[in-house]
Protein chains: 2
Amino acid sequence: MLSEFFNPSSVAVIGASHKKGKIGHTIFNNFSNGTFSGKIYAVNQDSTPIDDNRVYQSVKDIPGNVDLAVIATPAKTVPSILKECVEKNVKSAIVISSGFSETGKDGSALEEECKGILKGSGMRVMGPNGLGVYNSSNGVDTMFLPEEKMGRPKKGGISIISQSGAIGASMLDWLSEQSIGVSKFVSYGNAMDVNELDILEYLSEDDSTKVIVAYMEGIKCDGKRFIKTVKKISRRKPVIVLKSGKTDVGKEAASSHTGSLAGHSEVYSAAFKQAGMIETDNWIEMFDMAQAFACQPLPRGNKLLIVTNGGGFGVLAADEAARSGVVLKNPSKGMKDILKDELPGYASLKNPIDIMGDADSERYERVIKEGLKEYDGVLVIVVFQTVSMDDGIIRKLSDISEKSDKPIFLCAAGGKYTSEMSKKMRDSGIPVYVNPERAVNAFSRMFEHYGRNSD
Amino acid sequence: MLSEFFNPSSVAVIGASHKKGKIGHTIFNNFSNGTFSGKIYAVNQDSTPIDDNRVYQSVKDIPGNVDLAVIATPAKTVPSILKECVEKNVKSAIVISSGFSETGKDGSALEEECKGILKGSGMRVMGPNGLGVYNSSNGVDTMFLPEEKMGRPKKGGISIISQSGAIGASMLDWLSEQSIGVSKFVSYGNAMDVNELDILEYLSEDDSTKVIVAYMEGIKCDGKRFIKTVKKISRRKPVIVLKSGKTDVGKEAASSHTGSLAGHSEVYSAAFKQAGMIETDNWIEMFDMAQAFACQPLPRGNKLLIVTNGGGFGVLAADEAARSGVVLKNPSKGMKDILKDELPGYASLKNPIDIMGDADSERYERVIKEGLKEYDGVLVIVVFQTVSMDDGIIRKLSDISEKSDKPIFLCAAGGKYTSEMSKKMRDSGIPVYVNPERAVNAFSRMFEHYGRNSD
């Protein structure tokens, strides 16, 4: 149903601007100079060409069909533009413009006027007051933030919906720098037509989406329908949610921000739980989970093996395991006997297994291969700063992970060199964490999700 | 008392190696090719010169005095080398070598033998089984991890003691990448002579140390003395602690790692509290606090103003404020009246103040300057991805902060461009956070510390 938003063959940017730095310029540029291979039309009352591209004075002047109209004009012009879009039989539109219900009475009236125009038209609309859509696979990118300031993430299995454009943009930029891949992103703004539930339903049937991440300030649709629908979606793929405006003060702030009526914390948390969603406390934690869900299988038990070349990190991981109910049983006698032959005598064979500061990739490989036979997942902690560690571990971990149906996590903390290694590791499908606690927590939450959705 | 460890005029590296990649080569290289301006001597049984540097066969052959000996030879050779150091009247020594009490009975015996040699000698010894010392101001750097893999942080007000070398190294590397400055770092290993309390006492009197950060698995000295001494230190400067091995499983892991007897979680937490220390949950949070303590004044009240150009982040910050007892009262009528004249009509003047997506540095400046008059601190949230924000905010914030006796915090989340801005901001003395929650939490913990130590 929402397919044209993500896979349009033809796009009209209404309000395409001649001036660099303007919203309408950036959006038009995303399509015309990016990887988008469909037709792209510029619409502006000033018909001077933009970088040699013809400019139409109205969407109605465009000769061919328009699958998607992206509207970036002053709020008061939006109703008449929407009318023209309806007349042109445009299939879908994204209203980027702000100045609607989020600003008060006059804006609300304007939004109601737009809703009236849409009624019965068959045209679906996203926004207003949102960034719109990003699809990593085909260059659809309605985000008005310039690429010099905001990176676009590579392809991957995480799809994101965000009620806040600013948070959405910051997250995408961060993901791009971390080399964490994204499938689709939607900033739906005031949701005057398409709401979070419509998008969740679309993403639940989208094959390239492995996990859905949602930042919400309030729910725009009916609560009961929300729970019922998301419950079904959660059984197909994990839905991770960050709800803000959970406290009275935050609620107040949310209300002046997007006009959302943010309900009580407990009510929301209970609803999310009932819907099978995975709730998180902050946006970084959201992607701690999402990374792992997107590229690793769910653990079918909660026995975790930790292997490290830095004892201290093993201790921190063990503490977190104990706190979150993850079981760190020691290796079996059989496993110990095998490792005794393969590891130096000073290695510690309790769990966490400490293979010591002079460990190389081979030593890790031996332990992980044995570990996967009797544990439900392996947390690999690598201090990349040591002389004996290098990028050899990347290939090894990725090979092991590809052949395994159990999840593997990496923890690596450091600076430039470690960040490079971490990015390469992520490119090979291994989730990476700077805190051992966060890696253990991701394992624990994955097991919890498995338990809730496997019966 | 420990001054020679941090400010030696002459250093002998015993076990200085001819082979690149070897521990003894890296350490010697740190001194001979770095910024260290004192005398540096190589000691090795093989007297072939190392990069044109003369090599002495024994520390006793060195013609001048030796303030600091750094020993990186096999464990079994350490007792005789220590004997030679004592005979040479070396003032202090760092034993980098591992293979002592952390490995079991034989190692413990070796450690006891070393202790016997030290008795009555007047020579102080750090280690064994540690990385030793890093002093950002004079090039003293006994860390055997090569600079290509582990960055060294710039000068700053944070001093760090770490019982784990791996965690210490990873933290320093991370701090260097984040542009967070460090004064001194100590990885004290098994603490056979100099222990954590000796170092804490030294750092408490060190003028360039503004805040002390400690990673501990157990306490090596007497508990009562620890509390009594640290209580005094905490009144002079904040001591932030991360204690691992707090759960039974973690304790077990800690014991096979450094041989520490890690006590019960509650006992430690109570002791830390009594000692006025600031306890944290993970190593990233440790530096959330440390950054702020090192460069910002303590808040003398808990009224925080939040100003943002991205409403969503304001909501998340407001939620955290409510959870941590930080007061977000709205601006006074007087302040509102002033801002009404200076901000566009669509800005929200409640706290968090949302100056909207088209805000520039000037708009921030006006709000912050007014805010500092009636709040105890200001959290500035900047979405750097917007077209209207640039590095102008850095100079403005740094100027405001220099003239103010109230703390200012920045929250900025994103990728490459935002990271660059964040580093520049830190270079100007403003602490920066990727999560609004973490910034609010830093403010809250600073106020807590103020309350505890101001009466």
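Here, the structure is the one placed above.
Residue numbering note: each chain is counted from 1, following its sequence as written. Note on labels: chains are lettered from A, ligands numbered from 1, in written order. Side-chain atom pairs in this predicted model are given and counted only at pLDDT of 80 or more, local residue features only at pLDDT of at least 70, and totals for whole chains, interfaces and linings cover all residues. Values reported for side chains reflect all heavy atoms of the structure, with hydrogen atoms and water molecules removed beforehand.

Novice: Any chance you could explain the pattern of salt bridges here in plain terms?
Specialist: Oppositely charged side chains are able to pair whenever their charged atoms sit close together. Salt bridge, as applied in this entry: a Lys or Arg side-chain nitrogen positioned within 4 Å of an Asp or Glu carboxyl oxygen. Enumeration over the complete set of coordinates arrives at 46 salt bridges over all chains. A salt bridge links K184 of chain B to D206 of chain B; the shortest N-O distance between them is 2.9 Å. Of this pair, K184 of chain B sits in strand β10 (residues 182-187) while D206 of chain B sits in the loop between α6 (196-204) and β11 (211-216), placing them 22 residues apart in sequence. D206 of chain B matches K184 of chain B in its accessibility class, with the two residues each being buried. Salt bridges sharing partners connect three or more residues here, namely E362, E365, K369 and K396 of chain A. Numbering of helices and strands runs from the N terminus, with a helix taken as a DSSP run of H or I at least four residues long and a strand as a DSSP run of E at least two residues long. Each residue is assigned to one of three classes by its accessible area relative to the maximum for its type, calculated with a 1.4 Å probe on protein chains only: buried under 20%, partly exposed between the two thresholds, exposed over 50%.

Novice: Looking at this model, I keep getting lost on the packing of helix α3 (residues 78-87) of chain B against helix α4 (residues 105-118) of chain B. Mind explaining?
Specialist: A packed helix pair is summarised by two numbers, namely the angle formed by the two axes and the spacing between the axes. All names here are of chain B. Where α3 meets α4, the closest approach of the two axes is 9 Å, and the angle between their N-to-C directions is 10 degrees. The orientation of α3 with respect to α4, classified from their angle, is roughly parallel. Residues V78, P79, L82, K83 and V86 of α3 touch α4, and the partners they reach there are L110, E113, C114 and I117. Every axis in this analysis is a line fitted to C-alpha atoms, fitted for helices over the stretch in contact. Angles between the N-to-C directions lie between 0 and 180 degrees. Any angle between 65 and 115 degrees counts as roughly perpendicular, while under 35 counts as roughly parallel, over 145 as roughly antiparallel, and the rest as oblique. Note on definitions: a residue-residue contact is assigned when non-hydrogen atoms from the two residues lie within 4.5 Å.

Novice: How should the relation of the copies chain B and chain A be read in this particular structure?
Specialist: The relation between the two copies of this chain is a rotation about an axis and a shift parallel to it. Only residues with pLDDT of at least 70 in both copies count here: their C-alpha atoms drive the least-squares fit that superposes the copies. The transform that puts chain B on chain A rotates by 180 degrees and translates by 0.0 Å along the axis, for an RMSD of 0.0 Å. Overall, the copies show the geometry of a two-fold rotation axis. Of the residues that chain B buries at the interface, 100% are likewise interface residues in chain A, meaning the two copies contact each other through the same surface.

Novice: Mind showing me how you'd approach the sheet that holds strand β6 (residues 124-126) of chain A here?
Specialist: The strands that make up a sheet pair up through hydrogen bonds in the backbone, lying either parallel or antiparallel. Residues and elements named next belong to chain A. For two strands to pair, DSSP has to find at least two bridges joining them. The strand order across the open sheet formed by 6 strands is β3-β2-β1-β4-β5-β6, and the pairing between neighbours is parallel. Strands at the two margins of the open sheet, each flanked by one partner only, are β3 (55-56) and β6. Pairing between strand β2 (residues 39-43) and β3: 2 bridges, direction parallel. Within β3, the position partnered with A42 by the bridge is V55.

Novice: Would you take a moment to explain the side chain of N282 of chain B for this structure?
Specialist: The residue N282 of chain B is located in the loop between β13 (278-279) and α10 (283-295) in this model. Given a relative accessible area of 17%, N282 of chain B falls into the buried group. Under this definition, polar contacts are N or O atom pairs within 3.5 Å; protein pairs additionally need one hydrogen-donor-capable and one acceptor-capable atom, and for neighbouring residues in sequence, both atoms have to be side-chain atoms. A polar atom in the side chain of N282 of chain B sits 3.1 Å from the backbone nitrogen of I284 of chain B. With residues up to four places along the chain from it excluded, the contact list for N282 of chain B reads N435 and E437 of chain A together with L242 of chain B.

Keep in mind these values describe shape, not function.
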